[in-house]
Protein chains: 2
Amino acid sequence: MNRQQLFDLICQKKSFLCVGLDSDIKKIPSHLLDSDDPVFEFNKQIIEATIDFAVAYKPNLAFYESRGIKGVESLAKTVNLLKSYGNQVFTIADAKRGDIGNTSAQYAKAVFDEAVSGFSFDAVTVAPYMGEDSVKPFLDFPGKWAIILALTSNKGADDFQLIEGTDSSRLFERVLYVSQKWGNADNIMYVVGATRAEMLAEVRKIVPDHFLLVPGVGSQGGSLREVASYGMNNKCGILVNASRSIIFASSDNDFAIKSRIEAQNMQQEMELLLMEKGLI
Amino acid sequence: MNRQQLFDLICQKKSFLCVGLDSDIKKIPSHLLDSDDPVFEFNKQIIEATIDFAVAYKPNLAFYESRGIKGVESLAKTVNLLKSYGNQVFTIADAKRGDIGNTSAQYAKAVFDEAVSGFSFDAVTVAPYMGEDSVKPFLDFPGKWAIILALTSNKGADDFQLIEGTDSSRLFERVLYVSQKWGNADNIMYVVGATRAEMLAEVRKIVPDHFLLVPGVGSQGGSLREVASYGMNNKCGILVNASRSIIFASSDNDFAIKSRIEAQNMQQEMELLLMEKGLI
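What counts and how
- Residues numbered from 1 in each chain as written.
- Chains lettered and ligands numbered in written order.
- Predicted model: local features only at pLDDT ≥ 70, side-chain atom pairs only at ≥ 80, totals over all residues.
- Helix = DSSP H or I, 4+ residues; strand = E, 2+ residues; numbered from the N terminus.
- Contact = placed C-beta atoms within 7 Å.
- Pairing = 2+ DSSP bridges.
- Axes fitted to C-alpha atoms, helices over the stretch in contact; angles between N-to-C directions.
- Expected span 1.5 Å × (residues − 1).
- Buried ≥ 20, exposed ≤ 12 C-beta atoms within 10 Å, placed from the backbone.
- Nonpolar A, V, L, I, M, F, W, Y, C, P; charged D, E, K, R; others polar.
- Parallel < 35°, antiparallel > 145°, perpendicular 65-115°, else oblique.
- Left-handed = near helix turned anticlockwise from the far one by under 90°.
- Arc of directions from axis to C-beta.
- Least-squares fit on C-alpha atoms with pLDDT ≥ 70 in both.

(A) Looking closely at the overall build of chain A. In terms of regular secondary structure, chain A is built from 13 helices and eight strands. Taking the principal axes of the C-alpha coordinates as reference, chain A spans close to 55 × 45 × 35 Å. Within chain A, residue pairs in contact and separated by at least 24 positions form 69% of the contacts whose partners lie at least 6 positions apart.

(B) The sheet that holds strand E4 (residues 123-126) of chain B, seen in detail. All names here are of chain B. The eight strands are arranged E1-E2-E3-E4-E5-E6-E7-E8 in a closed barrel whose pairing can be described as parallel. Each strand axis lies, on average, 30 degrees off the axis of its neighbour in the sheet, ignoring direction. Pairing geometry for strand E1 (residues 17-21) and strand E2 (residues 56-59), over four bridges, is parallel. When the bridges of E2 are listed, Val19 appears paired with Tyr57. Sheet strands touched by helix H7 (residues 132-139): E4 and strand E5 (145-151). Its angle to E5, the strand with the most contacts, is close to 145 degrees. Each of strand E7 (212-214) and strand E8 (238-242) touches helix H11 (residues 224-231); the most contacted strand, E8, lies at about 160 degrees to it.

(C) Structural context of helix H5 (residues 101-112) of chain B. Taking 1.5 Å as the rise per residue, H5 of chain B with 12 residues should run 16 Å; its terminal C-alpha atoms sit 16 Å apart, in good agreement. A large share of H5 of chain B lies buried, amounting to 10 of its 12 residues. Of all the positions in H5 of chain B, only Thr103, Ser104, Ala105, Gln106, Tyr107, Ala108, Lys109, Ala110, Val111 and Phe112 of chain B are classed as buried. Elements that come into contact with the buried residues of H5 of chain B comprise helix H3 (62-65) of chain A together with strand E3 (90-97), helix H6 (114-117), E4 and H7 of chain B.

(D) Geometry of the interface of chain B and chain A. Contacts between chain B and chain A engage 53 residues on the former and 53 residues on the latter. For the side of chain B that touches chain A, the secondary structure elements donating two or more residues are helix H3 (62-65), helix H4 (68-83), E3, H5, H6, H7, helix H8 (157-160) and helix H9 (171-179) of chain B. Residue contributions to the side of chain B that touches chain A peak at six residues, all from H5 of chain B. Residues belonging to the side of chain B that touches chain A are distributed by class as follows: 21 nonpolar, 18 polar and 14 charged.

(E) Main features of the packing of helix H2 (residues 38-50) of chain B against helix H13 (residues 255-276) of chain B. All names here are of chain B. Where H2 contacts H13, the axes come no closer than 8 Å and their chain directions differ by 40 degrees. Taken together, the axes of H2 and H13 are oblique relative to one another. In the packing of H2 onto H13, the handedness of the crossing is right-handed. Contacts between H2 and H13 involve Gln45, Ile46, Ala49 and Thr50 from the first element and Ala256, Ile257, Ser259, Arg260 and Ala263 from the second. Partitioned by chemical class, the residues of the contact of H2 with H13 number five nonpolar, three polar and one charged.

(F) How the structure looks around the environment of Leu212 of chain B. All names here are of chain B. With respect to the helices and strands, the residue Leu212 is situated in strand E7. The sequence separation of Leu212 and Phe121 amounts to 91 residues, and the corresponding C-alpha distance is 17 Å. When sequence neighbours within four positions are dropped, the list of residues in contact with Leu212 reads Met189, Tyr190, Val192, Val203, Gly231, Gly237 and Ile238.

(G) Spatial organisation of helix H1 (residues 3-13) of chain B. Residues and elements named next belong to chain B. Considered for burial, the residues of H1 that qualify are Leu6, Ile10 and Lys13. Taken end-on, H1 shows its buried residues confined to a sector of 80 degrees, consistent with a single buried face. Opposite the packed face of H1, turned more than 90 degrees from it, sit the exposed residues Gln4 and Gln12. Along its buried surface, H1 packs onto E3. Positive phi shows up at Lys14, right after H1, with a value of about 55 degrees.

(H) Expanded view of the relation of the copies chain B and chain A. When chain B is brought onto chain A, the operation consists of a screw motion whose angular component is 180 degrees and whose axial shift is 0.0 Å, with 0.0 Å RMSD remaining. This pairing of chains is accounted for by a two-fold axis. Across chain B, the smallest distance between a C-alpha and the rotation axis is recorded for Gly165 of chain B, namely 2.0 Å. Interface overlap between copies: 100% of the residues of chain B at the interface are likewise at the interface in chain A, consistent with a symmetric, same-surface contact.

(I) Fine view of the environment of Leu9 of chain A. All names here are of chain A. Tracing the backbone shows Leu9 in helix H1 (residues 3-13). When the 19 C-beta atoms within 10 Å are taken as the criterion, Leu9 is described as partly exposed. Taking the C-alpha atoms as reference points, Leu9 and Ala146, 137 residues apart in sequence, are found 19 Å from one another. The residues contacting Leu9, other than those within four sequence positions of it, are Val55, Asn87 and Phe90.

(J) Looking closely at the sheet that holds strand E5 (residues 145-151) of chain A. Residues and elements named next belong to chain A. Spatially, E1-E2-E3-E4-E5-E6-E7-E8 is the arrangement adopted by the eight strands of the closed barrel, whose pairing is parallel. Averaged over all pairs of adjacent strands, the angle between their axes in this sheet comes to 30 degrees, without regard to strand direction. Where strand E3 (residues 90-97) meets strand E4 (residues 123-126), three bridges bridge the pair, whose relative direction is parallel. Across the sheet, Ala93 pairs through a bridge with Val124, a residue of E4. Running at roughly 170 degrees to strand E2 (residues 56-59), helix H4 (residues 68-83) makes contact with strand E1 (17-21), E2 and E3 of the sheet. Together, E1 and strand E8 (238-242) form the strand contacts of helix H13 (residues 255-276), whose direction differs from that of E1 by roughly 155 degrees.

(K) A look at unusual backbone geometry. Notably, Lys14 of chain B is not glycine yet its phi reads approximately 55 degrees, a positive angle. With respect to the secondary-structure elements, Lys14 of chain B resides in the loop between H1 and E1.

What follows is the structure, encoded as structure tokens:
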């Protein structure tokens, strides 16, 4: 899916919501534990309940890998279900990968090359610490995206990302300056946390056209209106992720309908923001 | 395995060799492709051929994930085989993980918590970009290790790791200064590439006691003698990794014996270096 198609999808659904599938088996409703694959069953019901209001889904690979082979099986079924919706969803492997070139090429196959790995996500999150050759292999797949960590939503972001270099740019700014040359706004996005919404304005000065994946709205406390105010561009330019606040809206039998209500609430707020920006 | 036990193992085997299991199915001898699990069969023969000369094995998870569920199965069998050697091997998941705290906790389970994931590596490589809470969950497992990327062996390392901050420390130095406070020399190691052997001396000034995992000797061109000269401490303090130069020493039927010869050559050079240092 290219940038225009993603923008078209946003206009069609009047939403820039990404639902994070951080599907912790310890937090899913207990009545699902009797099914053959409780995590897939949970994801299936969440996806079906929220698909009208979400443009993207972001399985967080850690929550699947922590269950070993069974977890990877749940993930594969989840991605297959998402792919069945065709261009109605954008899929993101939240994996934070990054290694030397020949190894990143293998990670790229793991998430993009269905023929060898069984997985065909539209995008993957990548860590920039190892530099250009650690990210480039992800950009070699036409139509696929690398979403590079810039400024993350966690407390530890302060440890290194905000360190100022002798050229007066902070590390996350340097990542933006340098890495945008590795690809373009049609194959690179950036992660910028909603917990630092005012920083989005500074990010926008450096990368005016790129999409930003913005975690941290919802359970982590970021404000949707602030994120839109500082982060939107003329193709929307933001995907706002919410995970726990949607998928764990209830831990009872009504979890799916409660997740739908949460997603719809966010979509309605997003629709208003898109209208205010004159995009729909 | 704690630091003293690792040092004891090094003294016993007179080796600080780590064999990197970057077991690319496209590069393994073609006669193995007929077996049920060619990659596991390859790993098994490599491990059995080199176990006398290697203290550690480091499966590179990318090469398994790129084959999807089948790859994860090959990995699980490989790790089980390695664990059957008990305290005769130290096992490293080369995964370069790192995410916000609650997610890193899941990645830690994925590699350390056998009861839930089926995997029980001794150590895992982690990326520092997201800071303290992205690494801490790996340190919560007693007896396990986080091996933090400091200065990597690839060209892209220059993009960010060598950037000098306003306090005159380069990013990789700052990572060393800051992250050593998150744990201690019994649960943290650092990745420092052999392609920059002279930098090892500067690393040693900051972290005199920590073990360093040193990739880049062999195919990537680093010199073992230089690495030992700059990097060794009084508990050896280095694990030198070689991957392709050992496991792909031959692509024919003799691949196992050729890998043994390569590993033995390295062990003999290491024995000399350990003797010169007065450690054995």
